[in-house]
Amino acid sequence: MIQADQAIFTSIRTHTGEGYRIIAASSGVTVDERSELTRRSPSHDSLCSSADGAVAVIGYALQSGRYCVSYSRYAGREQTARGGQRVYTHMAILDDGRYRKFQYSPVAVGLSLAHAVGQTLTLKSEKLSVLELTVGNPDAEPKCSGFGTACDEEWLMRVVSAVLGGRQLVVAGAGSPLEMLEWVLRLLPLSMRAALSSSIAAKWSAGRGIQLAFVDEVARQKRPSLAGHGVELFDVGSDVGPGESDIDSRCAGYVRTLGRWWREDRLSDIVACTNKLTRQVDIVELDDLARGWSEKLQQVAESS
Amino acid sequence: MTTMDGPLASSTVCLICGTANSRDAVLCRDCSAPLALVREIAIQRREPRLVSVVGESNVGKTVYIGFLLDMLSQRAGDFEAIPKGAYSIDIQQAVISHMSHRTFPPKTVMEADQWYWAYYQVRRRAKGNDWVDLVMPDMAGEALAAEMASPKTFRVISNLVTKSSGTLLLVDAGLAANGSSRPDFFALKMMSYIDSMNGLSQDQRIKTPVAVVLAKADYCPECFDDPEGFVEANLNRLWNMCQSRFENVEYFACSVVGSLGYATSKAQTLQPERSVMTTDHQPVEHEQAARSEWERRFAADAGGMEEIDDISADGQTAMPSAESMPAEEDFVVPIPLHTALRGVLEPFEWIIDQI
């Protein structure tokens, strides 16, 4: 069990105020963290889907040095009846050591958080206790059933390359965004995963400061706004696969090697190699690292 | 100077926060203000005047701004107003079209890049006044509340407040007349925030004109007769703050809705996610052929996890701080049956005369 601070961000009417704000938090959440969580949490009409069961997961590093993973869903109609559903966001705030137990995966934390909080949407107190999260089995055999894109391997490599190069991305139209994000993270060295801010099924917003956002679609009129912010759009759901858009030359060898392993279903090799890379690495070191892994695995295969 | 020459010729400097942005940028990368404002104002070669409309969530800022701009577009009150940029018309179109269908416009979201901004050139025709470039953002009430609680949470707000040539503070007159102290406290906090942002000494008073607008005055029509008296009687904390720290304050009452109907809304009890498991940990049978990815993963992970105690978000203390969710029959939706604008233009007229 992993302990984490928690906070709830939603819109309710109380004696002292009305509207979206942090309505409850555990005592370990600092004032500065509350301010940052307020600015970055999804408010009204922020989920991609309007279906009752819609869910969004967002993970990012806080300026305090801790990490926040939020799990958002709908909680009935907005109380002022101006249309739309009330977004209810439950957040887990973890330090580096505890987030690392989840291998810096907001998907893993989000699922654990969803299990921990259950279906609770009412509140009895502003003071919350510390949250207890369950970590999944770290030795479980990694699996992948595909991402629901036009060309999974190519898109995976391009997303990983863009993330390693520090570019901001919106990925639209993936049929399985949870799986795709997990594999993007697994293809990154463990030491680089924590710094990646990501979101699934929440509408892109400049103020949230997310580097990698998975959305259902991006309306045509919103696309210039993305470009103006220096954010690239990968429409992975279209029938047209990725073009010859460049893979960052500084890590092309690394990306192509791991992409090939993914295609060959050598998922355990990917996880075993990237999870061991706990030291800080520069992007230019990655090609050599990948070469070294290949040679080592080749030797192991030959000797056995 | 808004568009820079020389080595940084590719930058557009934001009007609100001063951040340099790329020439192609649509919104400022720091505060999300539209950069089209900068480009258009550069053509006019005049200093723009920012007018901030502030108020608590659900007080009616969006409706007020929408109707005000629509009145100006129709040359109400001897004003001539020209919208600069199609984006400036979005808010009045949204408000008018919703109200014509007897619904209030959607809630303004907290994300600053989703806010409406309006840039109008305005002048009084009869007086032959010069044109004034007005910039009016429609800010979310919750963002204002968050900024007041913790300054610099939304830097766009702090920048707007410090750069504003005039402020319209909307206060819910209906709630105040019913004895609620919430509007008074919010307004007091807002004025205190403006005071602190100005950073003046104790013996100096703020000269920026502030129009205190009693919104939803149709609930208490008596405030049209004497808005200042109403504020003194029902919003006394605000009144005292204005007297002490602000040199140039005027009080107005306004109303947009002519009559309201009330409808009940069905099926408002909290619905658990249809995608999560039932309490006996068996997967729910779905009508749809395919379950969502989240549903599948949630169900699969539940099978792999150890059984955990039901440690939910409920705390141990019994003190309730939130209203319990209303029962189904209590959920009432107000329906604007028709509009009858009253007192919408006067606060704006006064602000324009002051600036």
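Keep in mind that this is a model prediction, so the values were computed, not measured.

What counts, and at which threshold
- Residues numbered from 1 in each chain as written.
- Chains lettered and ligands numbered in written order.
- Predicted model: local features only at pLDDT ≥ 70, side-chain atom pairs only at ≥ 80, totals over all residues.
- Heavy atoms only, no water.
- Helix = DSSP H or I, 4+ residues; strand = E, 2+ residues; numbered from the N terminus.
- Buried < 20%, exposed > 50% of the residue type's maximum accessible area, 1.4 Å probe, protein only.
- Areas by Shrake-Rupley, 256 points an atom, 1.4 Å probe, with all protein chains shown as cover.
- Phe/Tyr/Trp six-rings, centres within 6.5 Å; stacked < 30°, edge-to-face > 60°.
- Lys NZ or Arg CZ within 6 Å of the ring centre and 35° of its normal.
- Pairing = 2+ DSSP bridges.
- Axes fitted to C-alpha atoms, helices over the stretch in contact; angles between N-to-C directions.
- Contact = heavy atoms within 4.5 Å.
- Salt bridge = Lys/Arg side-chain N within 4 Å of Asp/Glu carboxyl O.
- Patch = residues over 30% accessible without salt bridge, like charges linked within 9 Å, V, L, I, M, F, W, Y side chains within 5 Å.
- Lys, Arg positive; Asp, Glu negative; His and termini not counted.
- Charge placed at Lys NZ, Arg CZ, Asp CG, Glu CD.
- Polar contact = N/O pair within 3.5 Å; in protein donor to acceptor, adjacent residues only side chain to side chain.
- Left-handed = near helix turned anticlockwise from the far one by under 90°.
- Nonpolar A, V, L, I, M, F, W, Y, C, P; charged D, E, K, R; others polar.

Asker: Is there a simple way to think about the overall build of chain B in this case?
Answerer: Per the secondary structure count, chain B includes 12 helices and 11 strands. Across the 355 residues of chain B, 50% fall into the buried class. Accessible area of chain B: about 16700 Å², with a carbon and sulfur share of 49%.

Asker: What should I look at first to understand the packing of aromatic side chains in this one?
Answerer: Each aromatic ring pair is described using two quantities: the centre-to-centre distance and the angle formed by the ring planes. All names here are of chain A. Taken as a whole and assessed by the stated rule, the structure comprises 12 aromatic pairs over all chains. Where tyrosine 67 meets tyrosine 99, the ring centres are 5.0 Å apart and the plane angle is 40°; that geometry is what we call tilted. One end of the pair, tyrosine 67, is in strand β4 (residues 67-77); the other, tyrosine 99, is in helix α2 (residues 96-101), with 32 residues separating them in the sequence. Look at tyrosine 99 and you get buried, because its relative accessible area is 3%. Taking NZ or CZ as reference, arginine 186 lies 4.7 Å from the ring centre of tryptophan 183, over its face.

Asker: I'm lost on the sheet that holds strand β7 (residues 164-172) of chain B in this one. Help?
Answerer: Working definition: the strands of a sheet are paired by backbone hydrogen bonds and lie parallel or antiparallel to each other. Residue and element names in this part refer to chain B. Here 7 strands make up an open sheet; going across it, the order is β4-β5-β6-β3-β7-β8-β9 and the pairing mixed. In this open sheet, the two edge strands, each paired with only one partner strand, are β4 (79-83) and β9 (249-253). Looking at each pair of strands side by side, their axes are set apart by 25° on average, direction ignored. In this sheet, strand β5 (residues 116-124) lies alongside β4 in antiparallel orientation, the contact comprising 5 bridges. Opposite alanine 81, over in β5, you have valine 122 as the bridge partner. Across the sheet, helix α1 (residues 36-44) lies against β5 and β6 (132-138), angled at about 20° from β5, the strand it touches most. Lying over the sheet, helix α9 (residues 227-234) contacts β8 (210-215) and β9, oriented at roughly 100° with respect to β9.

Asker: Is there a simple way to explain the pattern of salt bridges in this structure?
Answerer: Side chains that differ in charge, positive against negative, can pair when their charged atoms come close. Residue and element names in this part refer to chain A. Following the criterion strictly, the structure yields 29 salt bridges over all chains and no others. One salt bridge in this structure joins arginine 260 and glutamate 264, with 3.8 Å as the shortest N-O distance. Residue glutamate 264 is classed as partly exposed on the basis of its relative accessible area of 38%. Aspartate 288 is the partner of arginine 291 in a salt bridge, and the nearest nitrogen-oxygen pair spans 2.7 Å.

Asker: How should the environment of proline 183 of chain B be read in this particular structure?
Answerer: Residue and element names in this part refer to chain B. Mapped onto the secondary structure, proline 183 falls in helix α7 (residues 182-198). Among the residues examined, proline 183 registers a relative accessible area of 2% and is labelled buried. For the pair formed by proline 183 and threonine 339, sequence separation is 156 residues and the distance between their alpha carbons is 24 Å. Every residue in contact with proline 183, bar those within four places of it in the chain, is listed here: Glu56, Val171, Asp172, Leu175, Ala176 and Leu235.

Asker: Could you clarify how one ought to interpret a nonpolar patch on the surface in this entry?
Answerer: Residue and element names in this part refer to chain B. Residues Tyr219, Tyr262 and Val332 make up a contiguous nonpolar surface patch of about 330 Å² in total accessible area. With respect to the helices, strands and loops of the structure, tyrosine 219 is situated in the loop between β8 and α8 (222-225). Given the relative accessible area of 48%, tyrosine 219 is considered partly exposed.

Asker: It is not clear to me how a negative patch on the surface should be interpreted in this structure. Could you clarify?
Answerer: Among the surface-exposed residues, Glu222, Asp225, Asp226, Glu228 and Glu232 of chain B lie close enough to one another that they form a single negatively charged patch. Breaking the negative patch down by element, the ones donating at least two residues are α8 and α9 of chain B.

Asker: Looking at this model, I keep getting lost on the side chain of aspartate 172 of chain B. Mind explaining?
Answerer: For aspartate 172 of chain B, the location among the structural elements is in strand β7. Sequence-distant contacts of aspartate 172 of chain B, defined by excluding residues within four places in its chain, comprise Val59, Pro183, Ala215 and Lys216 of chain B.

Asker: How should I be thinking about the side chain of aspartate 113 of chain B in this particular structure?
Answerer: In this fold, aspartate 113 of chain B is placed in the loop between α3 (90-100) and β5. A distance of 3.3 Å separates a polar atom in the side chain of aspartate 113 of chain B from a polar atom in the side chain of glutamine 114 of chain B. Contacts of aspartate 113 of chain B, omitting those with residues within four sequence positions, involve Trp204, Ser205, Ala206 and Gly207 of chain A together with Leu27 and Ser32 of chain B.

Asker: Could you clarify how one ought to interpret the pairing of β4 of chain A in this entry?
Answerer: Taken residue by residue, a regular strand's side chains alternate between the two faces of the sheet. Residues and elements named next belong to chain A. Taking burial as the measure, the 11 residues of β4 include 10 buried ones, the bulk of the element. The pairing of strand β3 (residues 55-61) with β4 spans 7 bridges and is classified as antiparallel. Its bridge partner lying in β4, isoleucine 58 is registered against serine 70. The antiparallel hairpin formed by β3 and β4 contains 5 residues in its connecting segment, where glycine 65 sits at a positive phi of about 100°.

Asker: Looking at this model, I keep getting lost on the environment of alanine 146 of chain B. Mind explaining?
Answerer: Locating alanine 146 of chain B in the fold gives a position in helix α4 (residues 141-149). Put simply, alanine 146 of chain B and methionine 110 of chain B are 36 residues apart on the chain and 9.7 Å apart in space, counted from C-alpha to C-alpha. What alanine 146 of chain B contacts, discounting residues up to four positions off in sequence, is Thr38 of chain A together with Thr153 and Phe154 of chain B.

Asker: Sorry if this is basic, but what is going on with helix α5 (residues 155-163) of chain B here?
Answerer: Taken residue by residue, α5 of chain B has Val156, Ile157, Ser158, Leu160 and Val161 of chain B as its buried positions. For α5 of chain B, the elements touching its buried residues are β3 (49-55), β5, β6, α4, β7 and α7 of chain B.

Asker: Sorry if this is basic, but what is going on with the packing of helix α4 (residues 152-164) of chain A against helix α8 (residues 252-263) of chain A here?
Answerer: Each pair of packed helices can be summarised by the angle the axes make with each other and by the distance between the axes. Residues and elements named next belong to chain A. One way to put it is that α4 packs onto α8 with a least axis distance of 10 Å and a crossing angle of 145°. As for the relative orientation of α4 and α8, their crossing is right-handed in sense. Judged by residue contacts, Asp152, Glu153, Leu156, Met157, Val160, Ser161 and Leu164 of α4 engage Tyr254, Val255, Arg256, Gly259, Arg260, Trp262 and Arg263 from α8. Of the residues belonging to the contact of α4 with α8, the class tally is 7 nonpolar, 2 polar and 5 charged.

Asker: How do you make sense of unusual backbone geometry when you look at a structure like this?
Answerer: Apart from glycine, the bulk of residues carry a negative phi angle, and the bulk of peptide bonds sit in the trans form. All names here are of chain B. In this structure, asparagine 58 takes a positive phi of about 75° despite not being glycine. Position of asparagine 58 among the secondary structure elements: in the loop between β3 and α2 (61-73). Judged by its relative accessible area of 23%, asparagine 58 falls in the partly exposed class. For arginine 102, which is not glycine, the phi dihedral falls at a positive 65°. Relative to the assigned elements, arginine 102 resides in the loop between α3 and β5.

On their own, these measurements won't tell you what the molecule is for.
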